[in-house]
Structures are given as structure tokens and as C-alpha cells.
Amino acid sequence: MKTSRRRVVLALGSTVLVPLMGADAFAQTPSRADRAFEALGRRWLDRSMRLSPVSATGTGDHRFDREIDDVSAAGRNAGLRFAHDTLRQLEAIDKTQLSRANQVDYAILGNSLRAGIWQTETWQTWAWNPLGYQGLAGGALYSLMAREFAPLPQRLESAIYRLEKMPRLLEQTRAALVPSRVPAPHAATYAAQNPGLKSIVTGMIEPHKGELSASKQQRLERAIAAFNAAVDEHQTWITETLVPAAQADFRAGAETFDTQLGYTLLSNLSRADIRSRADAAVISVRQEMYQVSKQALAGRPGAPATPEAPTPEQQQAVIRAALDIAAAERPARDHLVEDATAATEEARRFVIEHDLITLPEGPVRVILMPEFQRGFAVAYCDSPGPLERNLETFYAISPIPDDWSEEQATSFLREYNNRAILDIGVHEAMPGHYVQIFHSNRYPSTLRAVLGSGSFVEGWAVYAEEMMCEEGFRANDPLYRLSQLKVQLRTITNAIIDQAIHVDGMTQEQMMTFLTQTAFQEEREAAGKWRRAQLSVTQLSTYFVGFQEHLETRVAARQKQGAAFNLKAYHDGVLAYGSPPGRFARQLLLDEPIQ
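Because the structure is predicted, anything quoted here is derived from the model rather than measured.

Conventions used here
- Residues numbered from 1 in each chain as written.
- Predicted model: local features only at pLDDT ≥ 70, side-chain atom pairs only at ≥ 80, totals over all residues.
- Heavy atoms only, no water.
- Helix = DSSP H or I, 4+ residues; strand = E, 2+ residues; numbered from the N terminus.
- Rg over C-alpha atoms; globule rule 2.2 N^0.38 Å.
- Buried < 20%, exposed > 50% of the residue type's maximum accessible area, 1.4 Å probe, protein only.
- Contact = heavy atoms within 4.5 Å.
- Salt bridge = Lys/Arg side-chain N within 4 Å of Asp/Glu carboxyl O.
- Core = buried A, V, L, I, M, F, W, Y, C linked by side-chain atoms within 4.5 Å.
- Expected span 1.5 Å × (residues − 1).
- Arc of directions from axis to C-beta.
- Axes fitted to C-alpha atoms, helices over the stretch in contact; angles between N-to-C directions.
- Parallel < 35°, antiparallel > 145°, perpendicular 65-115°, else oblique.
- Left-handed = near helix turned anticlockwise from the far one by under 90°.
- Nonpolar A, V, L, I, M, F, W, Y, C, P; charged D, E, K, R; others polar.
- Pairing = 2+ DSSP bridges.
- pLDDT = per-residue confidence, 0-100.
- Phe/Tyr/Trp six-rings, centres within 6.5 Å; stacked < 30°, edge-to-face > 60°.
- Polar contact = N/O pair within 3.5 Å; in protein donor to acceptor, adjacent residues only side chain to side chain.

1. What about the overall build of the protein chain?
Okay, step 1: Summing up its helical and strand segments, the protein chain has 25 helices and four strands in all.
Okay, step 2: By the compact-globule yardstick of 25 Å for 595 residues, the protein chain fits well, its C-alpha radius of gyration being 24 Å.
Okay, step 3: Judged by the C-alpha coordinates and their principal axes, the protein chain covers about 70 × 60 × 45 Å.
Okay, step 4: Considering the protein chain as a whole, with its 595 residues, one finds that 58% of them fall into the buried category.
Okay, step 5: Long-range contacts, defined as pairs at least 24 residues apart, comprise 80% of the intrachain contacts of the protein chain with a sequence gap of at least 6.

Okay, here's the thing in C-alpha cells:
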């Protein structure tokens, strides 16, 4: 489960100007430092989107819809020079003279620039991670066609231009990647995803070619033919050159992991801090799962004994028995979208009835995950960029692969049973990612929208799951609470395996045992997590860390406000600052010093 990331651009030179600075930035006369920071931020936003037209499209700046990113060495070096120049100018600004909002954005921008420079110069992800190129190639077309931000003929014309430029992008990708530096799991995933690029054309572009004039249709058909040939050529290279040579170690190691962890989280928590908290959380959540399982098993014939002080074996048996009951009630193999849609609506009604948070008016639409994106997460929320208005949000679910056996499909559906699908609907949509991103997009700092914190976003979605249960969602169904706690346990173990695999050398066998036994995951879920853990570094830690930060901020707000504390006002308040790292949201909300 994740939310898609979209880059946001300030539309300089267009008819709409989005404020760079936060809502409180000009509560008083702006300082010289504020004016300098505003000017720098505008330059950075504009130049960033010129360097990444695909990101610009996805986030609502449509000046470059006919262009595509330059991933050649020259393009990469141009971006690197720009990052260094911007960082030097940023560090020349006296941050102590900035407004509180701009102090936060200053820190976020500096972190992003340093991360990008380090990833390009030291980690060199461009040389060994093909999945970034895959997202770029697919996003170039998908972002044009998925939402109706402009008339269809206009978007189709932009697609023609990008299709014509796609062979160059794939050629640049082959030149940039160093096969011997690519880890095997990255190459294998890339090999599976690349053919999915064609499905965007066949499913989203070709059916609408009648919207174009005859001459433009001919140009589109030529562009598609060249595109398909380029994808086939690229697939041959992946299969015959990349995959056989891709033998690099996927493990990041301690130094790289810790550096990336700092950039990902922008938190005061170290790797050791996270592990200590996660280990303790595993124990406490399993204890609660045992108590809930006792309720679920009460009066059921053949249930295992449920003593007040169970042995580890008794605790395991009781929780497993209750989870097996929940797992027996699961969707049909081809009914995931329909069940997820119904689950999202049930959660929406509860949020409205209990007045828990301000909800967006627009719909969220459950869809099958686009083929070019499959193989990483089971589900994600794809929200429109902050510069877009009144466009759909997609909650995407990966279908069960056609080549899975019935046993594999059953394992998957036991994990994503009816109650788990309901909990994921809370996480991805109501009141999780969909609602949080709606609030985030209302914040006036475009810069902050560009650089939203993954730990804040993912942490909110996990917090939403817990909060809904606290407020009585499915209160009469202990199996739902048990399913939600199992997903929470997944969040915790994500953070553990993230560092255990990349730093401590945890093997696949060790991880499978840990996840299937300690965290009660089904075999297919655990196997998928092994693949995901190999493909990402520190992203799996964002859920647990962000969840902890949200819980701690609510405790601090409740202590400060006392009897005046109101849950809806708190939710609307903490989400009113965009998606900054958790510590900054807390400092802004509670009027603490910005650190």
C-alpha cells in the first residue's frame, strides 16, 4: 500500500499563479529573507519542471505536455549543476529571518537538494535502478490520458509528440544503465513491466484516435508503430543484455541506508531508534491481537484454549485460529474492484456520520492497477496534482496475475479478505490518502506540495486505520479489529525488515519465517514483500515512523488543549499545513519553535 508521488510546478508565465509561500508567511511585512526565498523557490520550481516535463504534467503544469525528460548524461549533469547552484543560493539566505512557514519550506527544500545531489553523485541510482526509467516512460503517456484536464484531442496531440520521442528516451535509458551494477530483482521486475507500456497505448490512446483529423490519425499511427518497435527493441535488450548481467547486490549496506533514511524521513529518529520502537510495538500489538482473538473465538466449537497468561505457543495458536476465520470470508478472484468500492463507501458513510474530518466533494474511483505499474505494491492512491482542480482520484488495486495457481490466488485472497479490503479502503481512501491529499492540495505553498513527506502521508493513512477503530468503526466485529491490527503489525514489521534486509543481511528464508509466523502474513503477501524490500530502500520505514509521529502529535495537542480538544478540529488542523515531515506539522500546529 502506498500513495503515488507527484511533482508539482508553479505555473510561471501562465494565467494562474499559485502562491509559493505558506498561509502564515505574510501575516506581517515580509522580510528581505522571505522575498529572497520566494524568488529562489519560484526559480527552482519553474526550472525543475522544465527539466522534468513528465512530472510537470502529472502535477498540473501543462506547459510541457509535448516534451519528455532528457535522461542522457548531458541532461543529468544539467540537473546536477542546477541543484548545486540552488543549494548555494539557499544557504546564503538567513533562515532565522524567515516566517515560520518559510522556515519549514527552507528545511524541506534544502533536504531535497542535498538528497538529489547525493543520489546522483554518490549513490548513482541512474546507473543501476531501471524502475525509475520505467515510471518515467509509463507516466509520460498515462498522465496525459488518465484524467480529463484538457479536451481529448489536445491530450491526444500531446501523446503523439511524446510517443515520437519515446524511442530516444529508451535509447538514453540503455546508455545510462550499467547492467553489471543492476541488481537481479530490479532487472527481473523491469523485464516484467516494460511490455506494459504498450497497454497504455492500446487501452487509453488507440480507442480514441477517431477524435483526431485524418492527417493527425496517420501521424499517430506512425508514432505508435515506432513506439511499439522501440519497446520491443528495448525488451530484447532487457532480456538478452540486462537480465543476464544484472548480478549486483541489492542490499544498500549501513552507510547508504542510514544516509537515505535521513533524507527520506527528515526525522530525529536513527535506525537503532526505529528498530527499538518497532520491536516493542510487535510485542504490544500481538498482545492486543490475542485479547481480540479471545473475543472472536468465544463460544466457537473447537476453539483453542485462551488462558489469561498464555505461553508463546498458545498466543500464536489463538491468534492464528481467529485470523483463519476472517480469512475464510474473502472476495472472488475477479471481484476485487467491486468489493474495494463497496468497502470505501462503507468507510465514507462512517466518517460522515461521526463527523471525523472534512471530506472532499469529489469521488474516488477504484481501478485495476495499470499494467506498467504492477509488481511493486498491492494498492496505491493516485491523486491529481495540486495545480489540478475537480479531477478524479484513483485507488488502484493490482489484479491477481493470470499465471498464478489457485493455491497462490487463495493465499493472496486470504491476506486480502473482506475485512482486510475494508481496512485498506480506509488506508487508501477514507479517511486515508485520498482525504489527506485533498487537504494537502489546499495548502497554498506550492513548494511544500512538490516536496511532500512520504512518512507524513503514509503515517496518516496508518493513523486513519487506528483512529477509525478507536471511534467505533465495525465495533461489533472483533474480527475486523483483529484484521486491522494484523495490517498494523505489517506496518511495524515493514520497518524491521527494511533495515534487517539492507543492513543486517536478513535472508529470504528468515524474512519469510518472520512475516508468516510473527506477523501472521500469508505466503503470497510475504513473498511479495521480499520483492518489494529488494526494490526499495527506506520506503518501508515511512509507514511506522509516520504513524508514530501522528500519534505523538495528537497526544501533545490533546495535552495542550485539554477539555477544548476536538478530534475533527485536530484532524483538519494537522492536515492544514500540506504534507511536511511530521515534526514540522507538529511545530506549526502547536506553535512550537521550528527546528
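2. Section: the environment of L80
Okay, step 1: Looking at the element boundaries, L80 is found in helix α3 (residues 73-91).
Okay, step 2: Residue classification places L80 among the buried residues on the basis of a relative accessible area of 16%.
Okay, step 3: Taking C-alpha positions, L80 is 28 Å from R271, a pair spaced 191 residues apart along the chain.
Okay, step 4: Aside from chain neighbours lying at most four places away, what touches L80 is I117, T120 and E121.

3. Some details on the pattern of salt bridges
Okay, step 1: Using the criterion set out here, one finds 41 salt bridges in the structure.
Okay, step 2: Measuring nitrogen to oxygen at the nearest pair gives 2.2 Å for the salt bridge that ties D85 to R88. Taken together, the residues D85 and R88, both in helix α3 and three residues apart, mark about one turn of the helix.
Okay, step 3: Classification of R88 as exposed rests on a relative accessible area of 52%.
Okay, step 4: What emerges from the salt-bridge pattern is a single network uniting E329, E346, R419, R474 and D477.

4. Topic: the nonpolar core
Here is a general trend for soluble globular proteins: nonpolar side chains tend to be buried in one another's company.
Okay, step 1: Within the largest apolar cluster, 51 residues are counted, with the highest numbers of intra-cluster contacts made by L141, L163, M166, I205 and F227.
Okay, step 2: Every element with two or more residues in this core is listed here: α6 (130-145), α7 (152-176), α8 (184-193), α9 (196-205), α10 (214-245) and β4 (393-397).
Okay, step 3: In this view, M166 contacts I68, A137, A140, L141 and F227; residues no more than four positions away in its chain are not counted.

5. Some remarks on helix α14 (residues 336-354)
Okay, step 1: Look at α14: 27 Å from first C-alpha to last across 19 residues, which is about the 27 Å you get at 1.5 Å a residue.
Okay, step 2: Of the positions making up α14, those classed as buried are L336, V337, A340, A343, T344, A347, F350 and V351. The arc that holds the buried residues of α14, viewed along the axis, is 145°, so those residues lie on one side.
Okay, step 3: Along its buried surface, α14 packs onto β2 (364-368), β4, α15 (406-415), α16 (418-428) and α19 (454-470).
Okay, step 4: Directly after α14, the chain includes D355, whose backbone phi takes a positive value near 50°.

6. Points about the packing of helix α4 (residues 100-123) against helix α11 (residues 254-265)
Okay, step 1: With their axes 10 Å apart at the nearest point, α4 and α11 run at an angle of 155° to one another. Our classification of the angle between α4 and α11 gives roughly antiparallel. Once α4 is placed against α11, the crossing between them reads as left-handed. The residues of α11 that touch α4, namely those facing N111, R114, A115, W118, Q119 and W123, are T256, T259, Q260, G262 and Y263.

7. Concerning unusual backbone geometry
Okay, step 1: Residue M430 is joined to P431 through a cis peptide bond whose omega torsion reads 0°.
Okay, step 2: In this structure, Q124 takes a positive phi of about 55° despite not being glycine.
Okay, step 3: Along the chain, the position of Q124 falls in the loop between α4 and α5 (125-128).
Okay, step 4: Under the relative-accessibility criterion, Q124 is labelled partly exposed at 22%.

8. Remarks on the packing of α8 against helix α22 (residues 523-535)
Okay, step 1: Here α8 crosses α22 at 110°, and the two axes come no closer than 9 Å. Taken together, α8 and α22 sit at an angle that is classed as roughly perpendicular. In this structure, α8 uses P185, H186 and T189 to contact α22, whose residues at the interface are R531, Q534 and L535.
Okay, step 2: Counted by class, the contact of α8 with α22 contains two nonpolar, three polar and one charged residues.

9. Considering the pairing of β4
Okay, step 1: The buried fraction of β4 amounts to five of the five residues, a majority that puts the element mostly inside the structure.
Okay, step 2: Burial of the side chains of β4 extends over both faces: T393, Y395 and I397 are buried on one face and F394 and A396 on the other.
Okay, step 3: Judged from the five bridges that link them, β2 and β4 form a sheet pairing that is parallel. Among the inter-strand pairings, V366 is bridged to a residue of β4, identified as Y395.
Okay, step 4: The pairing of strand β3 (residues 379-382) with β4 spans four bridges and is antiparallel.

10. Considering the confidence of the model for the protein chain
Okay, step 1: Summing up the model confidence of the protein chain, the mean pLDDT is 91 and the portion of residues at 70 or higher is 94%.
Okay, step 2: Below pLDDT 50 for its whole length, residues 4-27 participates in 95 contacts with residues either more than four positions away or in separate chains.

11. Quick word on the packing of aromatic side chains
Okay, step 1: Inspection of every chain in the model, using the stated rule, returns eleven aromatic pairs.
Okay, step 2: Each ring, one from F37 and one from Y106, has its centre 6.3 Å from the other, and the planes form 40°; the classification is tilted. Here F37 is found in helix α1 (residues 32-51), whereas its partner Y106 is found in helix α4, with 69 residues between them in sequence.
Okay, step 3: Given a relative accessible area of 0%, F37 falls into the buried group.

12. Section: the environment of Q172
Okay, step 1: With respect to the element layout, Q172 can be found in helix α7.
Okay, step 2: Relative accessible area serves as the criterion here: at 13%, Q172 is assigned to the buried category.
Okay, step 3: Looking at Q172, its side chain comes within polar contact range of the side chain of D70, at 3.2 Å.

13. Some thoughts on the side chain of H550
Okay, step 1: When you line up the elements, H550 lands in helix α23 (residues 542-561).
Okay, step 2: For H550, the contacting residues outside a window of four places in its chain are F456, G459, W460, Y463 and Y570.

14. Regarding the environment of D504
Okay, step 1: By the secondary structure assignment, D504 is in the loop between α20 (478-502) and α21 (508-518).
Okay, step 2: With 44 residues separating them along the chain, D504 and W460 place their C-alpha atoms 29 Å apart.
Okay, step 3: Once you skip the residues sitting within four places of it in the chain, D504 turns out to touch R275 and Q499.

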